[in-house]
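Notes for the structure review
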Protein chains: 2
Amino acid sequence: MTTTVTTVLNDPRFKAAEAALQQGYTRFVDELITLTEIPAPPFKEQRRAAAYLKMMIDAGLDDAFIDDIGNVCGVLRGGHNAGHVAVAAHLDTVFPEGTDVTVRREGTRLFAPGVGDDTRGLATNLNMIRALIAAGIRPARSILFVGDVGEEGKGDLRGIRHLFEQGPFKGQIEAFVGVDGDQTARIVNQAVGSLRYRVTFRGPGGHSFGAFGVVNPAYAMAAVLTGLSQLHLPTEPKTTATPSVFGGGTSVNATPEAVWFELDLRSVSATELTRIDRAFRALLDQAVAAENARGQTHAGVISVELQNIGNRPAGLCDPASDIVAASLEAARAYGFDAELRASSTDANIPISLGVPAVCMGHGADDNTRAHSLEENIDVAEDKVMRSQSAILATILAVAGIAE
Amino acid sequence: MTTTVTTVLNDPRFKAAEAALQQGYTRFVDELITLTEIPAPPFKEQRRAAAYLKMMIDAGLDDAFIDDIGNVCGVLRGGHNAGHVAVAAHLDTVFPEGTDVTVRREGTRLFAPGVGDDTRGLATNLNMIRALIAAGIRPARSILFVGDVGEEGKGDLRGIRHLFEQGPFKGQIEAFVGVDGDQTARIVNQAVGSLRYRVTFRGPGGHSFGAFGVVNPAYAMAAVLTGLSQLHLPTEPKTTATPSVFGGGTSVNATPEAVWFELDLRSVSATELTRIDRAFRALLDQAVAAENARGQTHAGVISVELQNIGNRPAGLCDPASDIVAASLEAARAYGFDAELRASSTDANIPISLGVPAVCMGHGADDNTRAHSLEENIDVAEDKVMRSQSAILATILAVAGIAE
């Protein structure tokens, strides 16, 4: 089904679509600002989803709707009954409720939390929808445009997971292009998998002096941490283990009844991720046993509770696959020094399922300070056009153009 | 200067004082309830102090005043110019602002946060002041009655510390009787010393995957915890080390920039307390060096900050000293199965300074649930009278009765 990027670039209908992208530039910037200023904290994407649905319908996808988990979905029908190519940007930002999301403009730069990650992706897709319709392009395979929920942090890719596993498009998506990231030059074909846990150690607690000698859950935690620091973690395939957030205890003069930490395990290899997960679980058992052997247990023993707070599958989309080749060729055609990258994105889900997938950035920015309050992007028209043309060419090469 | 308990008990003026204690019983209970219902959270004892000052003046100590740190002080002048015997109860409770301190009465039991610890001590001292004055007793040494601030938790004994180190009575207090605790049978002559710290480890932080490999402050913390778990802590003299409260980190997908824990070190031996404090500090240096050797430091190194959040001196008042002998004899004379105990009380300060000191409980209660919202005491008249008589006899044996 896939056609070549060269064929797409030489097609007069694509030239018409490029002209339409350019005509839509001002509206693209306006929509980007409007969407950025609608807060979309984790698990609270509803207001932005409602606005995005309206924009998607206005752009020409009359049947657009919001699915059961909150994803905004709209289909540009293809000429063949041959499944869908999904094109997705995520609705959610990392910023909590109450964050000031007013956009500040300095020349061609826009400053606001979330303006780049991934609100520009949302606005990019709207401009591409309008351009395809204006140019009268009918793709060979239907293109499913998605504004998805839950890409960031504890959202744990729940939007795209739902799309592939439970929604009305389950089993119908044959290729996936994520539109996310600062730089079109960086094409993600390798999914960094992650397992995230909250690990809670419990014990009897008690007065620090009067009841001293009892087992202390902090000592079991310390043994696990030390074990993690000594794990063999390969640099190739890159594999990491990071204890990150800590808490527990009630008073300086009491042995804690509970202490906890959060752990982030990642690998670009599913095999390595499984290996370090097993090694980590073995450390838990050893540490609990050791502390119960060291301290007094008449008032109670140490136990550990493992709560999974994140699970993103690892995987690789073959660098020699059509979709990767198309994205590299399209990006290079527009002057980007394109290269392949590993990252954790919405593309993790299709990649882990064996569905051809990449994630492409929608800009040409360095140092956007994404995830910080100083997040900013450059929306200079020439840069925007190069990125949007490269992404649109990739999508059409993957979906094909119906004759 | 000290006289014997037997002499005191046989003195007709003491018999008159005992009768006056009994006459004051109803007023004692009323004042106890009134004081309990005036909140006195840590560092917020002012309202209760103002009320207690008025009560102390009403009881007959016309010159009572509030010192620079907030202690209520009133002197019953002695017959000799030979220094003071301080008799102290603490104004503060452990309960935060907003705690419901309404007293509920069930038979002879009073229920309310702080009713026993140490509000009954405050009311006991008022009843003793009135009894001494009513009986026309002039002590040999002046008796300084004190309602002191900051006995609990992070108050860190600041009231009594001020009294001995900076206030107008500095250098004049020759003996100390703390009136605190549930049971007159338990006489504290051994001061449990404590050193409390908040220990904060800092590092460069960064993305858990993108910037993986940098030093992690949690690993330095873990090494210190493991070192603490392996310290030799003697059971005699009892010495303890308890890591208690934990925090730090910002996000599951970031190496923490800072993690911290609170540590409670205690001993009944000042020497042992110093020894484990030194051992702990050595662990800090080792752990920081080890983590800086293990991880990457191009973005920054691990450092540690030690904040002292508590310092209570240890010490022992000789069991053979006059004051300990008098308190044991007086308690036994009123039917208490008296024994010596180690605890952390206002008496820590005089004991550490070599000033003879004990702390005596003001009741005959089991399971008062002190420091809990269910705190309760029994104020049955016979029990109250036995405790107050024993304490008053001790005070007069220590201060002497002027001829």
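Residues numbered from 1 in each chain as written. Chains lettered and ligands numbered in written order. Predicted model: local features only at pLDDT ≥ 70, side-chain atom pairs only at ≥ 80, totals over all residues. Heavy atoms only, no water.

You'll find chain A entered in an unreviewed UniProt entry as Peptidase T, with Ketogulonicigenium vulgare given as the organism.

Looking now at the relation of the copies chain B and chain A. When chain B is brought onto chain A, the operation consists of a screw motion whose angular component is 179 degrees and whose axial shift is 0.5 Å, with 0.3 Å RMSD remaining. Seen this way, the second copy is the image of the first under a two-fold rotation axis. Of the C-alpha atoms belonging to chain B, the one lying closest to the rotation axis is found on G247(B), 2.0 Å away. A symmetric contact is evident, with 100% of the interface residues of chain B recurring at the interface of chain A. (Least-squares fit on C-alpha atoms with pLDDT ≥ 70 in both. Contact = heavy atoms within 4.5 Å.)

Tallied over the entire structure, the rule returns 42 salt bridges over all chains. Between E291(A) and R294(A) there is a salt bridge whose closest N-O contact spans 2.8 Å. Of this pair, E291(A) and R294(A) both sit in helix α8 (residues 270-294), separated by three residues, roughly a single helical turn. Here R294(A) falls in the partly exposed class, since its relative accessible area comes to 38%. A salt bridge links E262(B) to K154(B); its shortest N-O distance comes to 3.9 Å. (Salt bridge = Lys/Arg side-chain N within 4 Å of Asp/Glu carboxyl O. Helix = DSSP H or I, 4+ residues; strand = E, 2+ residues; numbered from the N terminus. Buried < 20%, exposed > 50% of the residue type's maximum accessible area, 1.4 Å probe, protein only.)

Glancing now at the interface of chain B and chain A. Across the contact, 45 residues belong to chain B and 45 residues belong to chain A. Overall, the association of chain B and chain A removes approximately 3,400 Å² of surface from exposure, summing both partners, and the carbon and sulfur fraction of that is 65%. A per-residue breakdown of the area chain B buries against chain A is headed by F209(B), Y219(B) and V252(B), which together make up 23% of the total. Summed over the shared surface of chain B and chain A, the number is zero salt bridges. If you look at where chain B meets chain A, you find 14 residue pairs in polar contact (both at pLDDT 80 or more). Broken down by element, the side of chain B that touches chain A gets its largest block of residues, 10 residues, from strand β11 (residues 239-248) of chain B. Across the side of chain B that touches chain A, the residue classes break down as 22 nonpolar, 17 polar and six charged. (Buried area = accessible area lost by both parts, 1.4 Å probe. Polar contact = N/O pair within 3.5 Å; in protein donor to acceptor, adjacent residues only side chain to side chain. Nonpolar A, V, L, I, M, F, W, Y, C, P; charged D, E, K, R; others polar.)

This next bit is on the side chain of N189(A). By the secondary structure assignment, N189(A) is in strand β8 (residues 186-191). Each residue touching N189(A), except ones within four places of it in the same chain, is listed here: G315(A), L316(A), C317(A), D318(A), P319(A), V324(A), L340(A), R341(A), I351(A) and A357(A).

Glancing now at the UniProt feature "domain: Peptidase M20 dimerisation" (unreviewed entry) in chain A. Within this numbering scheme, the UniProt entry marks residues 193-288 of chain A as carrying the feature "domain: Peptidase M20 dimerisation" (unreviewed entry). Its end C-alpha atoms 28 Å apart, residues 193-288 of chain A is made of 34% helix and 35% strand. (UniProt positions renumbered as here; feature names shortened; annotations may be inferred.)

Residues and elements named next belong to chain B. Omega for the peptide link from D117 to D118 comes to 5 degrees, which places this bond in the cis form. Mapped onto the fold, D118 is located in helix α5 (residues 115-134). Residue E236 is joined to P237 through a cis peptide bond whose omega torsion reads -5 degrees. Summarising the element assignment, P237 is placed in the loop between α7 (217-230) and β11. Located in the positive-phi region is F43, a residue other than glycine, with phi close to 70 degrees. Note on placement: F43 falls in the loop between α3 (25-36) and α4 (46-59). Among the residues examined, F43 registers a relative accessible area of 42% and is labelled partly exposed.

Spatially, eight strands are ordered β14(A)-β9(A)-β13(A)-β11(A)-β11(B)-β13(B)-β9(B)-β14(B) in an open sheet, and the strand pairing comes out antiparallel. The sheet terminates laterally at β14 (303-312) of chain A together with β14 (303-312) of chain B, the two strands that pair on one side only. In this sheet, neighbouring strand axes are inclined to one another by 25 degrees on average, regardless of whether the strands run parallel or antiparallel. Sheet topology places strand β9 (residues 193-202) of chain A next to β14(A); nine bridges connect them, and they run antiparallel. (Pairing = 2+ DSSP bridges. Axes fitted to C-alpha atoms, helices over the stretch in contact; angles between N-to-C directions.)

On to the packing of α4(B) against α5(B), then. To characterise two packed helices, one gives the angle between the axes of the helices and the distance between these axes. Residues and elements named next belong to chain B. Direction vectors running N to C along α4 and α5 enclose 20 degrees, while the axes themselves pass 9 Å from each other. In terms of orientation, α4 and α5 fall into the roughly parallel class. Crossing geometry of α4 relative to α5 is assigned as right-handed. Between α4 and α5, the contacting residues are R48, Y52, M55, M56 and A59 on the first element and T119, L122, N125, L126, I129, R130 and I133 on the second. Looking at the contact of α4 with α5 residue by residue, the classes come out as eight nonpolar, two polar and two charged. (Parallel < 35°, antiparallel > 145°, perpendicular 65-115°, else oblique. Left-handed = near helix turned anticlockwise from the far one by under 90°.)

Size of an interface, as often reported, equals the accessible area lost when the parts are brought together. Residues and elements named next belong to chain A. Taken domain by domain, chain A consists of domain 1 (5-191 + 314-399) and domain 2 (193-312). A C-alpha centroid distance of 38 Å is found between domain 1 and domain 2. Domain 1 puts 14 residues into the contact, and the matching count from domain 2 is 12 residues. Contact between domain 1 and domain 2 buries roughly 950 Å² in total, counting both sides, with carbon and sulfur atoms accounting for 42%. When residues of domain 1 are sorted by the area they lose upon contact with domain 2, K154, D156 and A314 head the list and together hold 48% of the total. Here domain 1 and domain 2 share two salt bridges between them. At the boundary of domain 1 and domain 2, one finds seven residue pairs in polar contact (both at pLDDT 80 or more). When the residues that make up the side of domain 1 that touches domain 2 are grouped by side-chain class, the tally is four nonpolar, five polar and five charged. (Domains from an automatic or database assignment.)

This next bit is on the side chain of T368(B). Residues and elements named next belong to chain B. Its location among the elements puts T368 in the loop between β17 (357-360) and β18 (376-378). At a separation of 2.9 Å, a polar atom in the side chain of T368 contacts the side chain of D182. Residues contacting T368, with those up to four places away along its chain left out, are D182, E374, E375, N376 and I377.

Attention now moves to the pairing of strand β13 (residues 258-267) of chain B. Residues and elements named next belong to chain B. Counting buried positions along β13 gives nine out of 10 residues, so the element sits mostly inside the fold. As judged from the nine bridges shared by β11 and β13, these two strands associate in the antiparallel manner. Across the sheet, T239 pairs through a bridge with S267, a residue of β13.

Let's shift gears to the sheet that holds strand β4 (residues 104-106) of chain A. Sheet strands pair by backbone hydrogen bonding; their relative direction is either parallel or antiparallel. Residue and element names in this part refer to chain A. The sheet built from three strands is open, its strands ordered β4-β5-β18 with antiparallel pairing. What marks the edges here is a single partner per strand, and that holds for β4 and β18 (376-378). Mean inter-strand twist for the sheet, computed between neighbouring axes without regard to direction, equals 20 degrees. Pairing analysis gives three bridges linking β4 to strand β5 (residues 109-111), with the strands arranged antiparallel. Directly across from E106, in β5, lies its bridge partner R109.

All names here are of chain A. The residue A331 is located in helix α9 (residues 322-333) in this model. A331 sits in the buried class, given a relative accessible area of 0%. When the C-alpha atoms of A331 and S387 are compared, they prove to be 7.7 Å apart, with 56 residues separating the residues in sequence. Contacts of A331, omitting those with residues within four sequence positions, involve T184, I187, F336, A338 and A390.

Residue and element names in this part refer to chain A. Interaxial distance between helix α3 (residues 25-36) and helix α4 (residues 46-59) falls to 10 Å at its minimum, and their mutual angle equals 160 degrees. Taken together, the axes of α3 and α4 are roughly antiparallel relative to one another. With respect to the hand of their crossing, α3 and α4 are arranged in right-handed fashion. Residues R27, E31, T34, L35 and T36 of α3 form the contact with α4, whose own contacting residues are R48, Y52, M55 and D58. Its residues assigned to classes, the contact of α3 with α4 comprises three nonpolar, two polar and four charged.

Time to look at the environment of G181(B). All names here are of chain B. Mapped onto the elements of the fold, G181 is located in the loop between β7 (173-179) and β8 (186-191). Look at G181 and you get partly exposed, because its relative accessible area is 26%. Considered as a pair, G181 and T345 are 164 residues apart in the sequence and their alpha carbons are 9.2 Å apart. Sequence-distant contacts of G181, defined by excluding residues within four places in its chain, comprise D118, G361, H362 and G363.

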